[in-house]
Each structure stands twice: as C-alpha cells, then as structure tokens.
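# A look at the structure
Spelled out, the chains give:
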Amino acid sequence: MASRGVAGRGIDWVNVVLGAFVVLFFIFMLAPILVVVVVSFTSAGYVTFPVPGWSLKWFGHIFAYQPFVDALIVSIEVAIGATVLSCLLGVPACLYLARSRAAWASAVMTFLLSPLSMPMIVIGFASLFFLSWLGIGVSFNALLITHTIVCLPYVIRTSAGVYAGLPPAYEEAAAILGANPLKVFWHVTLPLIRPGIMAGSLFSFLTSFDNLPISYFFGSARTNTLPVVMLSYMENQFDPSIAALSTLQLVMAVAALIVVDRIYGIDKMTVAA
Amino acid sequence: MTIEFTAPKAKPAALLRPWALVVPAVLFLLVFFVVPLVENGLRSVVNDAGGFTLSRYGQLLTDSFYLRVTAETVLLSAGVTLISIVIGYPVAYFLVRRSGRWAGLIIFLLIAPLLTSIIMRTFGWQVLFARRGLVNNVLVDQLGLIDAPLRFSNSPEIAVAALVHVLVPFMVLSIATVLQSIDLRLEESAKILGAGRFRTFWEVTLPLSLDGVGTGAILVFMIANGSFVTLVLLGGGLQTLPLMIYQQFNTTRDFGMASAMSTILLVIAVVCLFLQLRLVRRRGS
C-alpha cells in the first residue's frame, strides 16, 4: 500500500502536499493550546507572547485567590457525584440494552444518548425553572442532577460498547455452575466490563468538570463551579492566572487520557466517539 | 385439570425482569431532562396573563432583528461545518491512507485537544490575538509591517477559527471511520481500468466516503449551533441564539422570549438528531 504511486517517480508529490497540509493542521490545532501553557509560566504581570521570562508565580496566585479554590472544590465534588450517579443509573441499563435485540431497546438507547445532542444552554435554562419549581433551585443537588443528564450518555456508551463485545459464554458458565444473577453480575460481568465503566467515568468526570453552559445557571457563592468563576474572571480581567489554571486542568486531562489508553486503548475510544 | 407451575415465587421475580434494569435511567431522564424541556416549550406559548400566545414566535420569525439572529446562528454553524469539511477531509485521508507509522501520533494529537477545557482554548485564541499577543508582536516587532498593534477583539473571523478548532476533530474522526471501511479493491479496479489517481479519488473514493462527511457535518453543525462559551468570550459582534438566551436571562430577563429561542434551538437539534439516526441506520444496513 505504501509503495503505490511512488514507483519510478522519485518523489510522490501528493504525499508531500498532503503531509505538509497535515503539519499545518496540527500547528493550527496545537498553537492555541501551547501558547496558554507557555503563558502560564510567564514572569510578566500581564498577558504577552513571547514571554519575557519564566516564573511559577501565577500558579501560586490561583491558589491564593479564594474564589478559584472554592470553585475547584465544588467542581471536583460535582464531577465525582455526577459520575457516580451516572454509573449507578447507566451500568444496569447497559446490561440489558447491550444484549437485547428488541426494536424498542435501540430506541431506548437512542433516548439515553440524546442529551449529548441537545444544546446545553437550553438544558441549563430549562432545568433552572423546573428545579426551582421542585424546590431545589440553585443548589449543589441541582448541579448534581443536571450534570448527570449530560454525563450519563458517556458512561452508557462506553460500558455498552464493551459489554456488547463480550461473548455471553462466561456468564452462562457461571449461571450453569449455580451462581444466582447477582453473583454472576458481581463476580463475572462487572470485572469484565470494568474497563468500559472506567473509561466512561473518566469522560464523564472531564465533561462535568469542563461544563459551563449548564453550571452557569446554577451559580451562587457556594455553587460556582470552576468554569463559571473563570468566565466571570475573564470578563473583567485578562491575566495569566487563567493560563495557569488551564495548564493544571490540561495536566489532569492528559493523565486521564494516559489512564484511559492503558486500560481501554485509544483506538477503541475513536470507535466509541 | 390445570397444571400448576411453581408460580408463587415468580411474583417477586417479575419485578426483576431484565428490562427493569433500564427503568431508573429512563425515569431519571424523563423527569429531569424531558419534562423541563417540555415545560420550557409551554412557557414560550403562555403570555403574562396566563393565556395562550404565539406572539413570541411571530416576533422571532418576522422581526428583522430576531430573524437576523436566527439566520446568523444557522449561517455561522453552516460556515463552520463547511470549513471543517474542507480542512478535515485531507487530514482524515492522510490518516487512513498515508500516515503509516504516524497514525498513532495523529490520533493522539486529534484526541488530546478534545480533552482540554473549552476555556483554555478560547483563552489561547485571546493570547494569540491580544494587544501584546503573538500575532501583534510578530507583525510589529519582528516584521515591522505595522506601527501599532492591531485590535482584533471585534473580528468574527477569530470566533469562526476558534469554533473550527473545537469541532474539526469530530469531522476528521467521522470521515476517517468511513474511509477506513472502503474496500481498497474498488480503487485498485478503477486504476486497473485506466483511471488516474485523481479520477479514482473523484469518482470512487470521494463518493464512497460521503456518508462520513454527512455524519461529521451533522455532528459539527449540531454542536456549533449550541456553542456558547467560545462566542461569549470571542464573539466578535456575532449575535446567535445561545448568546441571546444568555443575554435575555442575564439582563433583559424576558424569560418567555428566552424560552421561545431555546425551543427553536431545540427543534434544530432534534432535526439534526433525526437526520443523524437515518444516516447511521442506512450505513448499518
């Protein structure tokens, strides 16, 4: 396959042009990310690029600014809570949906994944009114519920993907040997689909952690998430502390990607995406 | 004589039918996802006195200001989608057909930005085009092309670039998935029959990969339509439905109008979802 078109011509110009285009593409993709990483280590008191010198002061600054610290804690709590809720709701659903051949099962699957396709600002705006009517307006629980709506599809998609690829033979063997359904689930199914659950949980965590259009509507001194605080900070100030915070988040996300790759494989993720 | 099964025990078991496993998730989404959206739709057709009204939709569809907002939302999404196809197709083609041992690296580079926060990427564009950002510093100090830094803060082009930056990986992955599945023998046959490389691409590969372009286009269009963070921070004077909902909520506090706009956005999203399902189903069969 690699030798096609090369024969007798020396240089394959299509390949060269395509390759150059791909390099330009990745410069475009990486430039806005890399400049932020660089700026987070600046010694300047304002945003400038290239940076005049290096320093870690902006990382110190973000931890000295109380709203960032408070919001970081809220964000982590919401992301963990929404992920746990998503697993509790999503994994049982997968157990049935991934194996069922019924027509309605695929319709239910589509329904469970549909929050991914809806504009988040609409979900946030509509939820605020409904949850206020229920008496849980602007609160931590409201964040938990609304984040679970958009986290659930990630857990379901990856868990169902892994479970659908498993032959039922293992579970049948356990059942024949006398294990009741609960035991089969706990000792056979769960360990086998754990990679899917873990990968879905990581996507879910990152999705919740990065969410702004929903969290925005539930913001208050005690329920502001990190992106909400960052947005209001950016509307008034333009300094490198946002870069430092972003770099920290990036380190977290890359670590998560490496974990996902180890237990799940990147190629499977692209299939799931 | 009736035959008695050992039925009594089946009663609690009936609750544990396997399909019952989907009930909690479905119930959760019905209550906290569907009901609020329906309620939101109802709010848009109820006037202040509690009666039924379609005046908000009338305003949205006839008032020139609101018409422009809706048109700008759809045109922006369509533009971003088109640019993503033009940029994404060659990258997907290279990834599937030419990358060889670089494939792993390319996939990593495509996915890694998906895991960075949206605020980070927006901030990155601000840094590039800030008063003392990279672009101005190069233009003024390095090249000396201009005397004073340019003000980019009101350029819709930067907002478009930032949206393409966020969405083009989805396009590349959608196209690559379909390109991967094309039977190479079809292309070889075309070549054996005398078609050149470009003709083979134009008449065989491209038509066969259009499903991937379609899937990617719907996905990108759908996300672009609801995009909010990028436009709030890099708006460049663009007025789109998500921005208007944000403003109505924040400043005007006209919740009925915001509900009507939400419903229009929602309808567009549902149409996209429907098209997406049809496309996926067609490819599946």
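Throughout, a residue's number is its position along its own chain's written sequence, starting from 1. Written order decides the labels, with chains lettered from A and ligands numbered from 1. Since the coordinates come from a predicted model, pLDDT governs what is reported: local features require at least 70, and pairs of side-chain atoms require 80 or more to be given and counted, while whole-chain, interface and lining totals use all residues. Computation of side-chain values covers all heavy atoms of the structure but excludes hydrogens and water.

## Comments concerning the interface of chain B and chain A
Should any heavy atoms of two residues lie within 4.5 Å, those residues are counted as being in contact. Chain B puts 88 residues into the contact, and the matching count from chain A is 83 residues. A per-residue breakdown of the area chain B buries against chain A is headed by Leu 115, Met 120 and Phe 123 of chain B, which together make up 9% of the total. Criterion for a salt bridge: a side-chain nitrogen of Lys or Arg within 4 Å of a carboxyl oxygen of Asp or Glu. Summed over the shared surface of chain B and chain A, the number is 2 salt bridges. Comment: elements are numbered from the N terminus, with helices defined as DSSP H or I runs of at least four residues and strands as E runs of at least two. If you tally residues by element for the side of chain B that touches chain A, the top one is helix α2 (residues 23-44) of chain B, at 16 residues. Buried area is understood as the total, over both parts, of accessible area removed when two parts are fitted together, assessed with a 1.4 Å probe.

## What to know about the packing of aromatic side chains
Pairing of aromatic rings covers Phe, Tyr and the six-membered ring of Trp, with a centre-to-centre limit of 6.5 Å; geometry is then stacked below 30 degrees between planes, edge-to-face above 60, and tilted otherwise. Throughout the structure, instances matching the rule amount to 27 aromatic pairs over all chains. With 4.7 Å between their ring centres and 65° between their planes, Tyr 65 of chain A and Phe 68 of chain A make a pair best called edge-to-face. Accessible area is worked out with a 1.4 Å probe on protein chains only. A residue is then buried under 20% of its type maximum, exposed over 50%, and partly exposed in between. In this structure Tyr 65 of chain A comes out as partly exposed when scored by relative accessible area, which is 30%. Seen from their ring centres, Phe 249 of chain B and Phe 255 of chain B are 6.0 Å apart, and the 40° between their planes marks the pair as tilted. Given a relative accessible area of 11%, Phe 249 of chain B falls into the buried group. Here the aromatic cluster, defined as three or more aromatic residues joined through ring pairs, consists of Phe 125, Phe 129, Tyr 216 and Phe 217 of chain A together with Phe 228, Tyr 246, Phe 249 and Phe 255 of chain B. Over the ring of Phe 129 of chain A we find Arg 43 of chain B; its NZ or CZ atom is 3.8 Å from the centre of that ring. We call a charge positioned over a ring when the NZ of a Lys or the CZ of an Arg lies within 6 Å of the ring centre and within 35 degrees of the ring normal.

## Considerations on the nonpolar core
Take the buried residues of types Ala, Val, Leu, Ile, Met, Phe, Trp, Tyr and Cys, join any two whose side-chain atoms come within 4.5 Å, and each joined set is a nonpolar core. By size, the foremost hydrophobic cluster in this structure holds 155 residues, and its most contacted members are Phe 68, Leu 97 and Leu 112 of chain A. If sequence neighbours within four positions are ignored, Leu 97 of chain A has contacts with Ala 105, Val 108, Met 109 and Leu 112 of chain A together with Val 22 of chain B.

## Observations regarding the environment of Val 39 of chain A
With respect to the element layout, Val 39 of chain A can be found in helix α1 (residues 13-40). Taking the C-alpha atoms as reference, Val 39 of chain A lies 9.5 Å from Trp 58 of chain A; in sequence the two are 19 residues apart. Beyond its immediate chain neighbours, meaning those up to four positions away, Val 39 of chain A contacts Val 47, Thr 48, Phe 49, Val 51, Pro 240 and Ala 243 of chain A together with Val 127 of chain B.

In short, geometric facts, not functional conclusions.
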